[in-house]
Amino acid sequence: MPLILVLIAFGSVAFHLLSPWWWTPIASNWGTIDVTLIITFWITGAVFTVILLFMAYCLARFRHRPGQRAAYEPESRRLEGWLTAVTALGVAAMLAPGLAVWAQFVRPPAEASAVEIVAQQWRWSYRLPGADGRLGAVGIEYVSDENPLGLDPKDPAGRDDVIVDGGDLHLPLGRPVKVLLRAFDVVHNFYVPEFRAKMDAIPGMVTSVWFTPTRTGTFEAICNEVCGVNHYAMRGRVVVDAEPAYRSWLDQQKTFSTFAARPLPAPRDAGLRRRLAEDR
Ligand SMILES: [Cu+2]
């Protein structure tokens, strides 16, 4: 039994160090989130190893021998004091870095530009402010095939808003973005693993998350909250462009005032397409 415990301890550490299922290479400013996770791994890993090795030692050292009796000592103030202090220290060391990062996480920089992401079963749509730099007002009562994101037609600030419905979201490299999230039906969660930042999209409220993309590339956005039968297929793409490429993409997009009625994009998943057809 001691040998098995030692093998579990070292095997777990070796698996962790050699695992091919490590994080995706980071593509945002949130390196501090990785640091907090690594601190947690070190502390929990050390405690896990020490406890297993201590158990293995006790099993070997104090194993049954004829004529030997255990000493009964249920209370030890000194030991309790030590355990309480060390545990408190370990828990504080795991929580404190997270609090510091969270303080940054909930305070987007003033220069962050707004991008709206709308989640619904089972796809993502996006809205960017137009030349006025402001997103127009929205209301669920305005949602229709011609107005899929429910912009208020009477709000002039919304007329130049860029609507991306069915395409990829592009973001400029190195500029902070504040993502505003809405959901039309159930709770979803916008998650790009490389950005190390995610947030729930909740019907009836606007949630937000911010990050600065730090390298160009195409990243998969996945829904990270179980949201129905096609949750697994609720994927989008975020393309981080250098400034010129971003500008030319933005110039090709439709604004709310030029957004014409057109058929809704078909779900990517063949099984869902069939089920929807059967429902009709
Ligand atoms: Cu979802």
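How each quantity is defined
Residues numbered from 1 in each chain as written. Predicted model: local features only at pLDDT ≥ 70, side-chain atom pairs only at ≥ 80, totals over all residues. Helix = DSSP H or I, 4+ residues; strand = E, 2+ residues; numbered from the N terminus. Buried ≥ 20, exposed ≤ 12 C-beta atoms within 10 Å, placed from the backbone. Contact = placed C-beta atoms within 7 Å. Pairing = 2+ DSSP bridges. Core = buried A, V, L, I, M, F, W, Y, C linked by C-beta atoms within 7 Å. Domains from an automatic or database assignment. Axes fitted to C-alpha atoms, helices over the stretch in contact; angles between N-to-C directions. Parallel < 35°, antiparallel > 145°, perpendicular 65-115°, else oblique. Left-handed = near helix turned anticlockwise from the far one by under 90°. Nonpolar A, V, L, I, M, F, W, Y, C, P; charged D, E, K, R; others polar. Expected span 1.5 Å × (residues − 1). pLDDT = per-residue confidence, 0-100.

Asker: Got a minute to help me understand the overall build of the protein chain in this structure?
Answerer: Scanning the protein chain for helices and strands turns up 5 helices and 11 strands. Its C-alpha atoms give the protein chain principal-axis dimensions of roughly 90 × 50 × 35 Å. Looking at the protein chain as a whole, 21% of its 280 residues are labelled buried. Look at the contacts in the protein chain between residues 6 or more apart in sequence, and 70% of them connect residues 24 or more apart.

Asker: Looking at this structure, how should I read the environment of Leu-95?
Answerer: Looking at the secondary structure, you find Leu-95 in helix 3 (residues 77–105). C-beta crowding within 10 Å serves as the criterion here: with 12 such atoms nearby, Leu-95 is assigned to the exposed category. Distance in space between the C-alpha atoms of Leu-95 and Trp-124 is 33 Å, their sequence separation being 29 residues.

Asker: Just checking my understanding: could you explain the sheet that holds strand 1 (residues 113–120) for this structure?
Answerer: The pairing of strands in a sheet happens through backbone hydrogen bonds and is either parallel or antiparallel. Taken in spatial order, the 6 strands make up an open sheet running 8-5-1-2-3-11, and their pairing is mixed. The open sheet has two edge strands, strand 8 (207–211) and strand 11 (254–255), and neither has a second partner. Two strands pair when backbone bridges link them, and strand 5 (residues 177–183) and strand 8 are joined in this way by 5 bridges, in the antiparallel orientation. Looking at strand 8, one finds that Val-179 is bridged to Val-209.

Asker: Whenever I open this one, the nonpolar core confuses me. Can you help?
Answerer: For soluble globular proteins, the rule of thumb is that nonpolar side chains tend to be buried together. In this structure, Ile-117, Ala-119, Tyr-126, Val-179, Phe-190 and Val-238 are the most contacted members of the largest nonpolar core, which totals 38 residues. Of the residues that make up this core, three or more belong to each of domain 1 (2–61 + 77–105) and domain 2 (113–264). With sequence-adjacent residues up to four places away left out, Ile-117 is seen in contact with Trp-124, Tyr-126, Val-179, Leu-181 and Phe-190.

Asker: Before we go on, may I ask you to explain unusual backbone geometry in this structure?
Answerer: Glycine aside, negative phi is the norm for most residues, and most peptide bonds take the trans geometry. Here the bond from Gln-121 into Trp-122 is cis, since omega is -5°, no more than 30 degrees from zero. Here the phi dihedral of Arg-196 falls at roughly 60°; this positive angle occurs in a residue that is not glycine. Following the sequence through the fold, Arg-196 ends up in the loop between strand 6 (188–192) and strand 7 (197–201).

Asker: Is there a simple way to think about the packing of helix 1 (residues 2–18) against helix 2 (residues 31–61) in this case?
Answerer: In a packed pair of helices, the relevant descriptors are the angle between the two axes and the axis-to-axis distance. In the contact formed by helix 1 and helix 2, the axes pass within 8 Å of each other and the chain directions differ by 165°. Between helix 1 and helix 2, the interaxial angle falls into the category roughly antiparallel. Note on packing geometry: the crossing formed by helix 1 with helix 2 is left-handed. Contacts between helix 1 and helix 2 pair Pro-2, Leu-5, Val-6, Ile-8, Ala-9, Ser-12, Val-13 and His-16 from the former with Gly-45, Phe-48, Thr-49, Leu-52, Leu-53, Met-55, Ala-56, Leu-59 and Ala-60 from the latter. For the contact of helix 1 with helix 2, the per-class residue count stands at 13 nonpolar, 4 polar and no charged.

Asker: Even after reading the chapter, I still don't get the sheet that holds strand 7, so can you show me in this structure?
Answerer: As summarised here, the arrangement of the 5 strands in space is 4-10-9-6-7, forming an open sheet in which the pairing is mixed. Edge strands, defined here as strands with exactly one partner in the open sheet, are strand 4 (169–172) and strand 7. On average, adjacent strands in this sheet sit at an angle of 25° to one another, irrespective of strand direction. Where strand 6 meets strand 9 (residues 217–223), 2 bridges bridge the pair, whose relative direction is antiparallel. Note that in strand 9 the partner of Tyr-191 across the bridge is Ile-222. Packing against the sheet, helix 4 (residues 243–252) makes contact with strand 4 and strand 10 (235–241), and its axis sits at approximately 140° to strand 4.

Asker: Where do I start with helix 3 in this structure?
Answerer: An α-helical turn contains 3.6 residues, so any two residues separated by three or four positions project in the same direction. Its 29 residues place the ends of helix 3 41 Å apart at the C-alpha level, agreeing with the 42 Å of an ideal helix rising 1.5 Å per residue. Burial within helix 3 is sparse, with just 0 of its 29 residues counted as buried.

Asker: Whenever I open this one, the confidence of the model for the protein chain confuses me. Can you help?
Answerer: On average, residues of the protein chain carry a pLDDT of 88, and 92% of them reach 70 or more. Least confident of the elements in the protein chain is helix 5 (residues 270–279), whose mean pLDDT is 64; most confident is strand 6, at 95. Note that residues 260–264 has pLDDT below 50 and, in this model, 3 contacts with residues that lie over four places away or in other chains.

Asker: Would you mind going over the pairing of strand 6 with me for this structure?
Answerer: Most of strand 6 sits out of view: 4 of its 5 residues are buried. Pairing analysis gives 5 bridges linking strand 6 to strand 7, with the strands arranged antiparallel. Pairing of His-188 across the sheet is with Ala-201, part of strand 7. In this structure, the hairpin formed by strand 6 and strand 7 is closed by a connection of 4 residues, where Arg-196 is found at a positive phi of approximately 60°.

Asker: It is not clear to me how the domain arrangement of the protein chain should be interpreted in this structure. Could you clarify?
Answerer: The parts lose accessible area when they come together, and the size of an interface is often stated as this lost area. With domains assigned, the protein chain is organised as domain 1 (2–61 + 77–105) and domain 2 (113–264). Once you take the C-alpha centre of each, domain 1 and domain 2 turn out to be 37 Å apart. Tallied by class, residues from the side of domain 1 that touches domain 2 come to 5 nonpolar, 3 polar and 1 charged.

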